[in-house]
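Spelled out from the first residue to the last, the chains are:
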Amino acid sequence: MGTNADVAATLREIGDLLDLNGERFKPDAYRRASRSIETLTEDVRKVAGRGELESIPGVGAAIGEKIREFLRDGHIAYLEKLRQQFPPGIVELMRLPGIGPKTARRFLVELQVEGPAELAAAIDAGRLKGLAGFGDRKIALFRQAVEARGPVGRRQSLRAAWSIATSLVERLRAEAPVERVEVAGSLRRRRESVGDLDILVTSNVPERVFEVFSALPMVREVKLRGPTKETVVLSDDLQVDLRVVEPAAFGAAWQYFTGSKDHNVRLRSLARDMGLRLNEYGVTREETRVAGASEEDVYRSLGLPWFPPEIRENQGEFEAAARDLPPLLEESHLRGDLHVHLPEGSSRDGIDRLRSYATQRGWEYVGVVVSDRPDAKELLDQLRAGQRPGTMTPWLLAAWEDPLGSDRLPPAGCDYRIHSAVGPDPPDPLPTHGPLLLTHLPLPEAGAEASAERVARWVEYARRAGAGLEVTPDGPQDGLDSSGVRRAIEARVPVSVRGAGPVVPDPLTLAVGLARRGWATAPAILNARAMAELTGVGRGPGPRTTPPRSSVRRTGPPRTGGSPR
DNA sequence: GCCGTTTTCGGCCCGACTGTTTTCAGTCG
């Protein structure tokens, strides 16, 4: 576990315990600080080292001091004291769906129930019957919550969530009486992992929409349904909230349900300061709605620019907006992809498909990996045949990919080299032959988001090797996560944004989204450069096994303006 | 406990849904 995650979990536990104690505002303060640390793009120890903990949103003198204590001693006396007041299982109980601090406390005080197992036993023994506020229905829900313990609440990878959401949205558009269907929530923000899906529709017959939606084959159960909102659980445990709003409020609702929570809290307090009120129905002054149909209107009415969803985290976007938001990378900035594997089948067909795919995207070049093809030699010849710069678009480059540490030399005619990582950490010697890219970084730890320290080591290694790093639709499962992108850019290590090539649907948008979450602008992105600026790769015939390392560095990205912290 | 281009004190987002309630408390996002 990374230190940031440890600190975040510790602060959250303090918040939960304070909640049980009946504290009014402290629990939220600790949880806010916890979320802030969790989404921090930098190692919290580094921030502490600079004495800047209090610059983190939600961290003040008291919490800052507790974080320092945790980093120094590995524990916090205040937390130890809190823990002594409650049995250890009680926090676990409180995290079950439908059980909050009030209910958990009642279990403890009125039934001496100290954890999930004891709760199950108490229910079985009929000890909850007759207690005020606990009817049969509620007791059944408690039982369900205890029994469902485990996979519920598991976060999905961005790519898995995207693919599920895409099919749900398609079905709704095709089969339900809706005008507009959009995804909101953390998926729209392109978070590396997604806990649930938020889908927003406009329709004048919500109940019909809910009927269609609940009948979809992937829906396992309907958790709740009201006039404007339905919550379902899919067969793979993912929860989906579907909301119906009127068109005049669509922008406000989309903004509201996209979040993040901390971005929204900041926004609403800004609105309040201006004598306005912001909720999911719009921005109102007294009883008059002044904005709501579009997100742009909502932000404009608060004197703010529209924020790209990927940076709505209250991690510096408001401060940056006071100057100028940096122009984040767009899919249209990309001029190619430097790491594409041909699909199964003949190379000739593969090249044809790739060419038309790249043409569709308007790309100048595509780097084709030849090293894993049985017919590598012929493929190389095909790639070389008839290509002259400027005569054919897109230009196809030949890439040679092998494991980091391999001393096998690529055959003549290859344009550049890609090294795939072979372990969780960079090996000792620097790669020779100047690879252009390092790929397949195994950054996640048991599905967790990549640890900040490990990312830092890879970024430093890439910098010394003069190589670029990849961000892919699989996020930290296969390359940089968004904080890694941010780090790489700060270290002037070029970042390559990689899609999936000619597969349908290509989740390239996710790789771009992760780069945007890392505040990437086009100049920092290797494959947003024109081919002529690509380290001299592929200009004319001849072997190019070793792109000059110096040129990679020379064309390194300028520092982006508006660095959030 | 945090925070402030109204504030260093006095606020703290706010609405939907459910269950068990004749008017609301708890939970959730």
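Because the structure is a prediction, the values reported are computed rather than measured. Numbers given to residues run from 1 along each chain, matching the order in which its sequence is written. Just so you know, chain letters begin at A and ligand numbers begin at 1, following the order they were written in. Only residues with pLDDT of 70 or above have their local features reported here, since the model is predicted, and side-chain atom pairs are shown and tallied only from 80 upward, although totals for entire chains, interfaces and linings are computed over all residues. As a rule here, side-chain values cover all heavy atoms of the structure and leave hydrogens and water aside.

Some points on the domain arrangement of chain A
If you check the domain split of chain A, you get domain 1 (4–147), domain 2 (156–244), domain 3 (259–321) and domain 4 (331–533). Throughout the structure description, domain borders are defined by an automatic or database domain assignment. On a C-alpha basis, the centres of domain 1 and domain 3 stand 30 Å from each other. Pairs of residues are marked as contacts when any of their non-hydrogen atoms sit within 4.5 Å. If you look at the interface, domain 1 gives six residues, while domain 3 gives five residues. The buried area of a pairing is the accessible area, by a 1.4 Å probe, that goes missing from both parts when the two are put together, added over both. Contact between domain 1 and domain 3 buries roughly 460 Å² in total, counting both sides, with carbon and sulfur atoms accounting for 41%. The largest contributions to the domain 1 side of the interface with domain 3 come from Arg35, Thr39 and Pro57, which together make up 73% of the buried area. Arg35 is the salt-bridge partner of Asp262, the closest N and O atoms lying 2.8 Å from each other. Throughout this description, the term salt bridge denotes a Lys or Arg side-chain nitrogen within 4 Å of a carboxyl oxygen of Asp or Glu.

Regarding the protein's contact with DNA strand B
In this text, near means that some heavy atom of the residue lies within 4 Å of the molecule or strand in question. Close to DNA strand B lie 44 residues; Thr103, Gly135, Arg137, Arg268 and Tyr281 are nearest. Secondary structure elements with two or more residues in the surface near DNA strand B: α2 (26–38), α4 (61–73), α7 (101–111), α9 (136–147), β5 (219–225), α14 (261–273) and β8 (277–279). Only DSSP runs of H or I covering at least 4 residues are called helices, and only runs of E covering at least 2 are called strands; the numbering of each starts at the N terminus.

Some words on the sheet that holds strand β4 (residues 196–202)
Between any two strands, at least two bridges found by DSSP are needed for them to pair. Taken together, five strands build an open sheet; the order of strands is β2-β4-β7-β6-β5 and the sheet is mixed. Whereas interior strands pair on both sides, the edge strands pair on one side only; in this sheet they are β2 (180–184) and β5. With direction set aside, neighbouring strand axes in the sheet form an average angle of 25 degrees. With five bridges connecting them, β2 and β4 associate as antiparallel partners. Counted as the bridge partner of Val181 is Val201 from β4. Sheet strands in contact with helix α10 (residues 158–175) are β2, β4, β6 (229–234) and β7 (239–245), and its direction is about 25 degrees off that of β4. Packed onto the sheet, helix α13 (residues 250–258) meets β2, β4 and β7 and runs at close to 25 degrees relative to β2. To get an axis, a line is fitted to the C-alpha atoms, and for a helix only the part in contact is used. The angle between two axes follows their N-to-C directions and goes from 0 to 180 degrees.

As for the pattern of salt bridges
In the structure shown here, the tally under the stated rule is 39 salt bridges. One salt bridge connects Arg180 with Glu182, and the closest N-O pair in it is separated by 3.4 Å. In this structure Arg180 comes out as partly exposed when scored by relative accessible area, which is 34%. Between Arg361 and Glu331 there is a salt bridge; the shortest N-O distance is 2.9 Å. On the criterion of sequence distance, the pair formed by Arg361 in helix α17 (residues 347–361) and Glu331 in the loop between α16 (317–323) and β11 (336–340) is long-range, its members being 30 residues apart. When a residue's accessible area, from a 1.4 Å probe over protein chains only, is under 20% of the maximum for its type it is buried; when over 50% it is exposed; and in between it is partly exposed. Using a relative accessible area of 33% as the deciding quantity, one classes Glu331 as partly exposed. The network of salt bridges with common partners includes Asp16, Asp19, Asp28, Arg31 and Arg95.

Here's the deal with the packing of helix α1 (residues 3–20) against helix α5 (residues 77–84)
Look at α1 against α5: their axes get within 10 Å of each other, and the N-to-C directions meet at 40 degrees. Put simply, α1 runs oblique to α5. Of the two possible hands of crossing, α1 and α5 adopt the one that is left-handed. Residue-level inspection shows Thr10, Glu13, Ile14, Leu17 and Leu18 of α1 in contact with α5, the latter providing Tyr78, Leu79, Leu82 and Arg83. In this count, Pro and Cys sit with the nonpolar residues alongside Ala, Val, Leu, Ile, Met, Phe, Trp and Tyr, while Asp, Glu, Lys and Arg are called charged and the others, Gly among them, polar. Each residue belonging to the contact of α1 with α5 can be placed in one class, and the counts come to six nonpolar, one polar and two charged. Under this scheme an angle from 65 to 115 degrees is roughly perpendicular, one under 35 degrees roughly parallel, and one over 145 degrees roughly antiparallel; angles in between are oblique. Take the far helix as the reference: if the near one is turned anticlockwise from it by less than a right angle, the crossing is left-handed, and if turned clockwise, right-handed.

Quick look at the environment of Ala61
Within the secondary structure, Ala61 is located in helix α4. Once the C-alpha coordinates of Ala61 and Val233 are considered, the two residues, 172 residues apart in sequence, prove to be 41 Å apart. Those residues within four positions of Ala61 in sequence are excluded, and the remaining contacts are Glu54 and Arg68.

What to know about α14
Under the convention used throughout, the expected extent of a helix is 1.5 Å for every residue step, that is, one less than its residue count. Here α14 spans 18 Å end to end across 13 residues, near enough to the 18 Å set by a 1.5 Å rise per residue. The complete set of buried residues in α14 reads Asp262, His263, Asn264, Leu267 and Ala271. Where α14 is buried, its residues contact α2, α13, β8, α15 (295–301) and α16. Directly after α14, the chain includes Gly275, whose backbone phi takes a positive value near 75 degrees.

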